[in-house]
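# Analysis of the macromolecular model
So you can see what is in the structure, the chains are spelled out below.
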Amino acid sequence: MAAGWIPLDTDVTWIHGSASRRRRNDPHRSDPPQQVHHLAPGTVLIRQSKDVTYEAPFILLLLGERRSLLVDTGAVEGSLLRETVDRLIAQWLADRAQSHDSGHHELVVAHSHAHGDHVAGDAAFADRPHTTVVGPEVADVQAYFGIDDWPRQVVPVDLGGRVVDVFGIPGHEAASIALHDRSTGLLHTGDTVYPGRIYVGDSGALLDSLDRLAALVETGAVSHVLGCHVEMTNRPGRDYALGARFQPDEPSPFMTPQQLLQARDDFRTVAGRPGIHRFDDIVFCVGEGPRVTVPLYAQALVERLRHLVR
Ligand SMILES: [Zn+2]
């Protein structure tokens, strides 16, 4: 661990859905709608429930002295996330007994990328005072963060007392960004690197993005790698079926820097080859054709039938 990193408490059991969802309004659905976990003071990770959305995305909140940065608004519409973020910011400011006017604390709502399961809660923040909701397109992201040389330019974002470096990592989606929190060493990789199925829209772009992520890791500046989902099981190379609502044997959403380097090396061997490519920690789904969709839907159908006869 590099000197000076604020340690993260990553040893947490996350909500992962509930066993029985056979019927509508199933009384056995037992997950709360979301789980809020403080990784460190000022660093909060929220997971939405698989009982609410099979995507069950993770949402990161980084709190600073002057402003806070919310990475994604999840897969669910409504006010719950907004209320949670409001409460977390109010608590953060109260705990620190800010002498300045905390009413002016700014919130930036940014997105790991533009897909629907990461922006669904945006509307609840539209009328929030002192809040900027960054748009979903590459041009919006460039304009807000001041990234002139997309995607390579690394732009520091000063939240007050902590600096987050932002740069583009297209490949999964055109507007994908990575965020590196210098204070904790946390590298947020969105849907570009996580223990699950990485859908690759542009292999060349993803290779370049993974090379730049790997280069950052190789400087020793990264403590943990965090993406937005978990879809693997604890068995190497085995993922839960598409749409799975119950994942009792899932690994941690946190990956090691070494796992990111391995993901880059693995992807190099399959880039540009349409189909599903399984590795221990990640499944790369290259392209959008039947070579990807047919096996995924077949796997999901088998799981569904298995569930029905259980
Ligand atoms: Zn996603």
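The preceding data block contains the structure.
Residues numbered from 1 in each chain as written. Predicted model: local features only at pLDDT ≥ 70, side-chain atom pairs only at ≥ 80, totals over all residues. Heavy atoms only, no water.

### As for a nonpolar patch on the surface
This is how it is decided: Residues forming no salt bridge and having over 30% relative accessible area are the ones grouped into patches, like charges within 9 Å of each other and nonpolar side chains (Val, Leu, Ile, Met, Phe, Trp, Tyr) within 5 Å. Reported accessibility uses the Shrake-Rupley method at a 1.4 Å probe radius. Residues are deemed covered only where the shown protein chains occlude them. We define a salt bridge as a side-chain nitrogen of Lys or Arg found within 4 Å of a carboxyl oxygen belonging to Asp or Glu. In this description a helix means any DSSP run of H or I spanning at least four residues, a strand means any run of E spanning at least two, and both kinds are numbered starting from the N terminus. In this scheme, a residue with accessible area under 20% of its type's maximum is buried, one over 50% is exposed, and one in between is partly exposed, where area comes from a 1.4 Å probe on protein chains only.
A grouping of Leu 301, Leu 305, Leu 308 and Val 309 is seen on the molecular surface, where their side chains present a nonpolar patch of about 430 Å² in accessible area. When you line up the elements, Leu 301 lands in helix H6 (residues 290–309). The exposure class assigned to Leu 301 is exposed, which follows from its relative accessible area of 52%.

### Let's talk about the coordination of the zinc ion
Put simply, the rule reads: Excluding water, the donors of a metal are its N, O and S neighbours within 2.8 Å, or within 3.2 Å for Na, K and Ca, and that exclusion means sites may look incomplete. Any site counts as irregular unless it has four donors with all angles between 85 and 135 degrees, making it tetrahedral, or four or six donors with opposite ones more than 155 degrees apart and the rest between 65 and 115, making it square planar or octahedral.
Taken together, Asp 117 (OD), His 118 (NE2), Asp 191 (OD) and His 229 (NE2) make up the protein donors of the zinc ion, found 2.0 to 2.2 Å from the metal. Taken together, the 4 donor atoms coordinating the zinc ion span angles of 87 to 166° at the metal, a pattern that classifies the geometry as irregular. Each donor residue of the zinc ion lies on one chain, and together they are spaced D-H-x72-D-x37-H. On the criterion of sequence distance, the pair formed by Asp 117 in helix H2 (residues 116–119) and His 229 in the loop between strand E12 (224–227) and strand E13 (254–255) is long-range, its members being 112 residues apart. Residue Asp 117 is classed as buried on the basis of its relative accessible area, which comes to 12%.

### So, the nonpolar core
What counts here: Among buried residues, those of type Ala, Val, Leu, Ile, Met, Phe, Trp, Tyr and Cys that are joined through side-chain atoms within 4.5 Å constitute a nonpolar core. Every residue pair with non-hydrogen atoms within 4.5 Å of one another is taken to be in contact.
Leu 45, Leu 60, Leu 69, Phe 145 and Val 166 are the most contacted members of the largest nonpolar core, which has 28 residues in total. The greatest single-element share of this core, amounting to 3 residues, is contributed by strand E3 (residues 58–63). Those residues in contact with Val 166 that lie beyond four places of it in its chain are Phe 145, Ile 147, Gln 153, Val 154, Val 155, Val 157, Ile 177, Ala 178 and Leu 179. If you look at the next biggest cluster of nonpolar residues, it comprises 26 residues, including Phe 167, Leu 260, Ile 282 and Phe 284.

### Side note on the sheet that holds strand E15 (residues 283–286)
Filter applied, for reference: We treat two strands as partners when DSSP finds at least two bridges between them. A fitted line through C-alpha atoms represents every axis, and for helices the fit uses only the stretch in contact; the resulting angles, taken between N-to-C directions, go from 0 to 180 degrees.
On the basis of which strands lie adjacent, the open sheet formed by 3 strands has the order E11-E15-E14 and mixed pairing. Two strands in the sheet have a free side with no partner beyond their single neighbour: strand E11 (197–200) and strand E14 (275–278). Each neighbouring strand pair of the sheet contributes to a mean axis angle of 20°, computed without reference to strand direction. Direction of pairing for E11 relative to E15: parallel, over a ladder of 4 bridges. Following the sheet pairing, Arg 197 is matched in E15 by Val 283.

### Topic: the pattern of salt bridges
Counted by the stated rule, this structure contains 17 salt bridges. Between Asp 86 and Arg 82 there is a salt bridge, with its nearest N and O atoms 2.8 Å apart. Taken together, the residues span about one helical turn, with Asp 86 and Arg 82 both in helix H1 (residues 80–95) at a distance of 4 residues. By relative accessible area, which is 25% here, Asp 86 ends up partly exposed. Among the salt bridges present, the one from Asp 165 reaches Arg 182, with a minimum N-O distance of 2.8 Å. Of the two residues, Asp 165 sits in strand E8 (residues 163–168) while Arg 182 sits in the loop between strand E9 (177–181) and strand E10 (186–190), which places them 17 residues apart along the sequence.

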